[in-house]
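The chain contents come next:
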Amino acid sequence: MTSKPLTRQTKSDRGGVGIKTSPTMLPREFFLRPTLDVARDLLGKILRIERDGTSLSGRIVETEAYIGEDDPACHARFGKTERNAVMYGDGGSVYVYFIYGMYHMLNFVTEPAGFPAAVLIRALEPLTGLDTMKKRRGTNDLGNLTNGPGKLCQAFGITTADTCRDLQSDQFHVADDGTLPGEVITSTRIGIKAGNELPWRFLDGTSRHISVRKGLRRA
């Protein structure tokens, strides 16, 4: 599975392309589609969080898809549990899990209720709320603020307490401002032992904020 580069219309200073518009919240229907489509189409969209009087936002530049009980790397592979129950609901909710006793991982639930699937947000380009992100991450390096799933959760203050949040809220949602990724590239998923042969990782090849440049395949 290899995605073709998108036709360039206009070019932003961050390498993205498209016709800029005022950001609008993605409707729930966006997340009810097949997970691979959602994972790819999230590239270029903006995660926006309002918390404790601070507005944080970042452009999504890397995602991974996890699909159903037959996916050996999906949290639903052993069936429904208290931990993964949100994955069995309608797409458009937040699922956050904690790993290695250190890192939170942000996922968006996809597809209609009853079929467990989600997209892991692996990396963002930081846009607003930079001072807060730098303080939380302990670095002033913009390229090291949100270039990984654990890093972006730390920068945005995302924890397991955010699980089950509705992505239709003003305080926590994904928006579209018309920006498209400069170049969509796929690779196999990384950081997992099973199912790592599947090319279900999507990223903007023009972004300097992606987590790992491993196994990339251009069209």
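Summary of the structure given here. (Residues numbered from 1 in each chain as written. Predicted model: local features only at pLDDT ≥ 70, side-chain atom pairs only at ≥ 80, totals over all residues. Heavy atoms only, no water.)

What to know about the pairing of strand 5 (residues 103-109)
For step 1, the next point in the chain: Burial within strand 5 is extensive, with 6 of its 7 residues counted as buried.
For step 2, the next point in the chain: The pairing of strand 4 (residues 94-99) with strand 5 spans 6 bridges and is antiparallel. Across the sheet, the residue bridging to Val96 is Leu106, located in strand 5.
For step 3, the next point in the chain: Where strand 4 folds back on strand 5, the antiparallel hairpin that results is connected by 3 residues, among which Tyr100 adopts a positive phi of roughly 55°. (Buried < 20%, exposed > 50% of the residue type's maximum accessible area, 1.4 Å probe, protein only. Helix = DSSP H or I, 4+ residues; strand = E, 2+ residues; numbered from the N terminus. Pairing = 2+ DSSP bridges.)

Remarks on unusual backbone geometry
For step 1, the next point in the chain: You will see that Tyr100, though not glycine, has its phi angle at about 55°, which is positive.
For step 2, the next point in the chain: Following the sequence through the fold, Tyr100 ends up in the loop between strand 4 and strand 5.
For step 3, the next point in the chain: With a phi close to 70°, Glu111 is a non-glycine residue in the positive phi region.
For step 4, the next point in the chain: If you trace the backbone, Glu111 turns up in the loop between strand 5 and strand 6 (117-128).
For step 5, the next point in the chain: Classification of Glu111 by relative accessible area gives buried; the value is 15%.

Let's talk about the nonpolar core
For step 1, the next point in the chain: Counting 33 residues, the largest nonpolar core has Leu42, Leu47, Leu106 and Phe108 as its most contacted members.
For step 2, the next point in the chain: Setting aside residues up to four positions removed in sequence, Leu42 forms contacts with Leu26, Phe30, Phe31, Ile60, Thr63, Phe108, Val119, Ile121 and Val174.
For step 3, the next point in the chain: Counting residues in hydrophobic clusters, the runner-up holds 13 residues, among them Tyr66, Ala76, Met87 and Tyr88. (Core = buried A, V, L, I, M, F, W, Y, C linked by side-chain atoms within 4.5 Å. Contact = heavy atoms within 4.5 Å.)

Topic: helix 4 (residues 149-156)
For step 1, the next point in the chain: Burial analysis of helix 4 places 6 of its 8 residues in the buried class, the great majority of the element.
For step 2, the next point in the chain: The inward-facing, buried residues of helix 4 contact strand 2 (46-51), strand 3 (54-67), strand 5, strand 6 and helix 3 (130-137).

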